[in-house]
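Tertiary structure, described
Listed below are the residues making up each chain.
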Amino acid sequence: MPIFQLVLVALIQGITEFLPVSSSGHLILLPGLTGLEDQGQVIDVAVHVGTLAAVVIYFWRDVRMGLAGLPRALSGRLDTPGARLAMGLIVATIPTVLFGAALHFSGFSDSLRSITVIGWTMLGFGLLLYWADQKGAAVKQVEDWGLRDALMMGLWQMLALIPGTSRSGITITGARQLGYSREEGARIAMLMSIPTILASGILLGTEVALDADTALMRDAGIAAALAMVSALAALSLMMRLLRSVSFTPYVIYRVILGLILLTIAYGS
């Protein structure tokens, strides 16, 4: 793959993975709007591994607490914050894994990779994020995240398998609707991304590992490193901005992009 395209794919994935603007939607649009060849699943897996590393590094304190509580959670003892966090992440991931497997093995996921679908999801879920952000209360913290809220946010996250929805955007929408503050809702949404990205990486990785040659693995390593650095920068910036800025700038971007894509889709 040309180095320019490799860098472009890594930066797009890294910057958009944790912003509520849909990384998958942007990656699907890249070859369609630029004429570049599709980057392929190996590079897709690599940049997802890079963004996974970024969120683990940024939220390492929470990750370490969840890992420490995992054995207690698996034994049914939810008597520590770490155990409750670990069980919440497990519960929140189940709907996405089940729905993702159904889409993948049915082949229906391929039919969703279109400019029309991405245009509507950009627009519709962007407006939904605006509504939830403006109307949602800000009374809950991560410590209030119980199994019911984890399941509800997991069902919201499930919708992110439709390209253009945005995994972070839809889970933040669910968090705001449930009464979590912007910063705390984003924190939960980012932690929820860890098992989700890990599961999708394992699913895709097992399919493409045998087909990768040395040159492709080198490209994958470069893409993963670039995606990690850009994701760390984007994640750090967003979390700082949420202390004083709403999600409205992201909504405006989504609405404009959605309208442009729908104009292209229905005008061709």
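Residues numbered from 1 in each chain as written. Predicted model: local features only at pLDDT ≥ 70, side-chain atom pairs only at ≥ 80, totals over all residues. Heavy atoms only, no water.

**So, the packing of helix H6 (residues 115-135) against helix H11 (residues 248-267)**
- Orientation of H6 relative to H11, taken along the N-to-C sense of each, is 155°, at an axis distance of 7 Å. By the angle class used here, H6 and H11 are roughly antiparallel. Two packed elements cross with a definite hand, and for H6 against H11 that hand is left-handed.
- Classifying every residue of the contact of H6 with H11 gives 18 nonpolar, seven polar and one charged. (Axes fitted to C-alpha atoms, helices over the stretch in contact; angles between N-to-C directions. Helix = DSSP H or I, 4+ residues; strand = E, 2+ residues; numbered from the N terminus. Parallel < 35°, antiparallel > 145°, perpendicular 65-115°, else oblique. Left-handed = near helix turned anticlockwise from the far one by under 90°. Nonpolar A, V, L, I, M, F, W, Y, C, P; charged D, E, K, R; others polar.)

**Looking at the packing of helix H1 (residues 3-16) against helix H3 (residues 40-58)**
- Following both chains from N to C, one finds H1 and H3 inclined at 45°, their axes separated by 9 Å at the closest point. By the angle between their axes, H1 is oblique relative to H3. Judged by the sense of rotation from one axis to the other, the crossing of H1 with H3 is right-handed. Facing H1, whose interface residues are Leu6, Val9, Ala10, Gln13 and Gly14, H3 presents Ile43, Val47, His48 and Thr51. (Contact = heavy atoms within 4.5 Å.)

**Section: unusual backbone geometry**
- Positive phi, normally seen in glycine, also occurs at serine 22, with a value near 80°.
- Mapping serine 22 onto the fold places it in the loop between H1 and helix H2 (23-34).
- Look at serine 22 and you get buried, because its relative accessible area is 1%.
- Despite not being glycine, serine 166 has its phi angle at roughly 85°, a positive value.
- Tracing the sequence through the fold places serine 166 in the loop between helix H7 (147-158) and helix H8 (167-178). (Buried < 20%, exposed > 50% of the residue type's maximum accessible area, 1.4 Å probe, protein only.)

**Details of the side chain of serine 246**
- As for its position among the elements, serine 246 is in the loop between helix H10 (214-241) and H11.
- Polar contacts involving the side chain of serine 246 include one to the side chain of threonine 248, which spans 2.9 Å.
- Residues contacting serine 246, with those up to four places away along its chain left out, are Asp133, Gln134 and Arg182. (Polar contact = N/O pair within 3.5 Å; in protein donor to acceptor, adjacent residues only side chain to side chain.)

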